[in-house]
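Examination of the molecular architecture
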Amino acid sequence: MDNPFIIKSYESKELFCDREEELQQLLRNTTGHTDTTLISQRRMGKTGLILRLYDELSNERPDIQTIYLDIFASRNLDDFIKMLAEAAIRAFRPKSSLLDKLMVFIKALRPQISFDPITGEPQLQISYQTAHEKEYTLRGLFEFLDSQNTPIVLAIDEFQQIRKYPEQNMEALLRTYTQLTKNITFIFCGSKRHIMTDIFANERKPFYSSTAFVSLGKIPFEKYKDFIVNLFGQRKRSVDSGAVDFILEWTRRHTYYTQQLCHTIYDNGVTNIGHDEVKSSCAQLMQQGEAVYLQYRQMLTVKQWNFLIAIAKEGCVSQITSAEFLRKYRIGTPSTARKQADSLCEKGLLNAETTLHRTEYTVNDVFFSHWLERL
Ligand SMILES: Nc1ncnc2c1ncn2[C@@H]1O[C@H](COP(=O)(O)OP(=O)(O)OP(=O)(O)O)[C@@H](O)[C@H]1O
Ligand SMILES: [Mg+2]
């Protein structure tokens, strides 16, 4: 069944909701040679937006070569170089002269090249003698890309990962190359806001003030509502206006969860969708997550678990150290509250959204949050 509510990656403009302003800004930046830092909470739609941008560029500016690099799984500079080379190979058109030249360049590094048995994509294994050699190779790769007389947009997703590398000089190293390149425009993308901000907005760090910030919030209510009504409608399903309001409220317009709920409702096959159908899909999703939620409980201390429940019951808490909150949920002292909040954020279970005036805490996984609420 062709479910129009995608829950992975990006498919087409038609199945992508809004983000018009952010898209226009990214188009301006990438065609105007301004590097961008793209930040949002997890699962809000950063990767989707990059792929949406690339789709637009491939139509509007076919002269621009786009490369997408996800470094989430990288552990060190070796991995970074290998993944960058692989991303470029994937991005360049088969049989193009660019790809031929890139392969000549890469072969000079004497890598072992193998092919993934499932996807058929090339995998590189490069061996180095010294740290200096690695840096030299990375520089060579950037210089190669930069010298092709083709404008390139290079998105590096999960960029905060470089902070976990054993190499201490990654930022200085990368900043040098990004400064030297003339034909490459960068998009640095990440969900750990405090790390990304420290990389790009701390005046003592190499990347300070070198990029324009784009922050991805929630899709506006009315836009998301129209999108949902239309996608159901085009496929001969009707959905009550109030039921859509409920979908958007229950999922807090957190893109992944809204998409997932709509996907599930669609899969359930009902043609006239009302409140009851939506609620039974919500129950189904919480039920599906239960095994994982129980695992979390095993992983956490009793205090952490209780703190998580407290946040879930409130939905969103900005004053975790207020006397009322501490008393209501028997949390203890303000310093205990801060400690629990920090460790749960570190584990990725809580999200802290900092605005000018305050920090708001929510349980990151919306379905988990609703499940906890009922305990
Ligand atoms: N504008 C949109 N319209 C419809 N679906 C979207 C939109 N943006 C993202 N999605 C979908 O929402 C889900 C989450 O988006 P995505 O993976 O892009 O988020 P992310 O911010 O990159 O998350 P992470 O921080 O975990 O990498 C995906 O399934 C994606 O297909
Ligand atoms: Mg992503």
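Residues numbered from 1 in each chain as written. Chains lettered and ligands numbered in written order. Predicted model: local features only at pLDDT ≥ 70, side-chain atom pairs only at ≥ 80, totals over all residues.

**Some details on the overall build of the protein**
Along the protein, the regular secondary structure elements total 15 helices and eleven strands. What you see for the protein is a C-alpha radius of gyration of 23 Å, in line with the 21 Å of a compact globule of 375 residues. The principal-axis extents of the C-alpha atoms in the protein amount to approximately 65 × 55 × 40 Å. Counting every position in the protein, which comprises 375 residues, the buried fraction comes to 31%. For the protein, long-range pairs separated by at least 24 residues make up 70% of all intrachain contacts whose partners lie at least 6 apart in sequence. (Helix = DSSP H or I, 4+ residues; strand = E, 2+ residues; numbered from the N terminus. Rg over C-alpha atoms; globule rule 2.2 N^0.38 Å. Buried ≥ 20, exposed ≤ 12 C-beta atoms within 10 Å, placed from the backbone. Contact = placed C-beta atoms within 7 Å.)

**Considering the sheet that holds strand 1 (residues 36-39)**
As summarised here, the arrangement of the five strands in space is 2-5-6-1-7, forming an open sheet in which the pairing is parallel. One side of each edge strand has no neighbouring strand; the edge strands of this open sheet are strand 2 (65-70) and strand 7 (212-215). Neighbour-to-neighbour, the strand axes of the sheet open up by a mean angle of 20°, direction not taken into account. Two strands pair when backbone bridges link them, and strand 1 and strand 6 (residues 184-190) are joined in this way by four bridges, in the parallel orientation. Considered in strand 6, the bridge of T37 is made with F188. Where helix 1 (residues 20-31) meets the sheet, its contacts fall on strand 1, strand 5 (152-157), strand 6 and strand 7, and the angle it forms with strand 7 comes to roughly 160°. (Pairing = 2+ DSSP bridges. Axes fitted to C-alpha atoms, helices over the stretch in contact; angles between N-to-C directions.)

**Quick word on the site of ligand 1**
Residues in close proximity to ligand 1 total 20 residues, the closest being C17, G45, K46, T47 and G48. Those elements giving two or more residues to the shell around ligand 1 turn out to be helix 2 (46-60) and helix 10 (255-267). Among the residues making up the shell around ligand 1, the classes are represented as six nonpolar, eight polar and six charged. Residues from two domains meet in the shell around ligand 1; each of domain 1 (19-215) and domain 2 (220-296) gives at least three. (Near = placed C-beta within 6 Å. Nonpolar A, V, L, I, M, F, W, Y, C, P; charged D, E, K, R; others polar. Domains from an automatic or database assignment.)

**With respect to the domain arrangement of the protein**
Domain assignment breaks the protein into domain 1 (19-215), domain 2 (220-296) and domain 3 (300-375). Taking only C-alpha atoms into account, the centre of domain 1 sits 35 Å from that of domain 2.

**Some thoughts on the nonpolar core**
One finds I81, L84, L154, A155, I156, I187 and C189 to be the most contacted residues of the largest nonpolar core, which totals 40 residues. No other element matches helix 3 (residues 77-91), which puts six residues into this core. When residues no more than four places from it in sequence are discounted, the contact partners of L154 are I67, L69, I184 and F186. (Core = buried A, V, L, I, M, F, W, Y, C linked by C-beta atoms within 7 Å.)

**Side note on the environment of S241**
Mapped onto the secondary structure, S241 falls in helix 9 (residues 241-250). The sequence separation of S241 and D78 amounts to 163 residues, and the corresponding C-alpha distance is 52 Å.

**Quick notes on the pairing of strand 5**
Strand 5 sits mainly inside the fold: five of its six residues count as buried. For strand 2 and strand 5, the ladder comprises six bridges, and the chain directions are parallel. Within strand 5, the residue paired with T66 across the bridge is V153. Assessed by its sense of winding, the connection that carries the chain from strand 5 through helix 6 (residues 170-180) to strand 6 is right-handed. (Right-handed = clockwise from strand over helix to strand, strands pointing away.)

**Comments concerning helix 7 (residues 193-201)**
Note that an α-helix has 3.6 residues per turn; residues three or four places apart therefore point the same way. Among all positions in helix 7, only M196, I199 and F200 are buried. The buried side chains of helix 7 occupy one side of the element, clustering within an arc of 80° when seen end-on. Along its buried surface, helix 7 packs onto strand 1, helix 6 and strand 6. (Arc of directions from axis to C-beta.)

**Things to note about the environment of Q148**
Along the polypeptide, Q148 turns up in the loop between helix 5 (131-146) and strand 5. Taking C-alpha positions, Q148 is 7.6 Å from L98, a pair spaced 50 residues apart along the chain.

**Here we look at the packing of helix 12 (residues 302-314) against helix 14 (residues 334-346)**
In helix packing, the relevant descriptors are the interaxial angle and the interaxial distance, both defined with respect to the helix axes. It is the contact of helix 12 with helix 14, at a shortest axis distance of 10 Å, that shows an interaxial angle of 85°. By the angle class used here, helix 12 and helix 14 are roughly perpendicular. Two secondary-structure elements touch here, helix 12 through K303, Q304, F307 and L308 and helix 14 through Q340, S343 and L344. Taken together, the residues of the contact of helix 12 with helix 14 break down into three nonpolar, three polar and one charged. (Parallel < 35°, antiparallel > 145°, perpendicular 65-115°, else oblique.)

**Describing the packing of helix 3 against helix 5**
Their axes nearest at 10 Å, the elements helix 3 and helix 5 cross at an angle of 25°. Taken together, the axis directions place helix 3 and helix 5 in an arrangement best described as roughly parallel. Handedness of the helix 3/helix 5 crossing: left-handed. Across the interface between the two elements, L77, D78, I81, L84, A85 and A88 of helix 3 pack against K134, T137, L138, L141 and L145 of helix 5. Across the contact of helix 3 with helix 5, the residue classes tally to eight nonpolar, one polar and two charged. (Left-handed = near helix turned anticlockwise from the far one by under 90°.)

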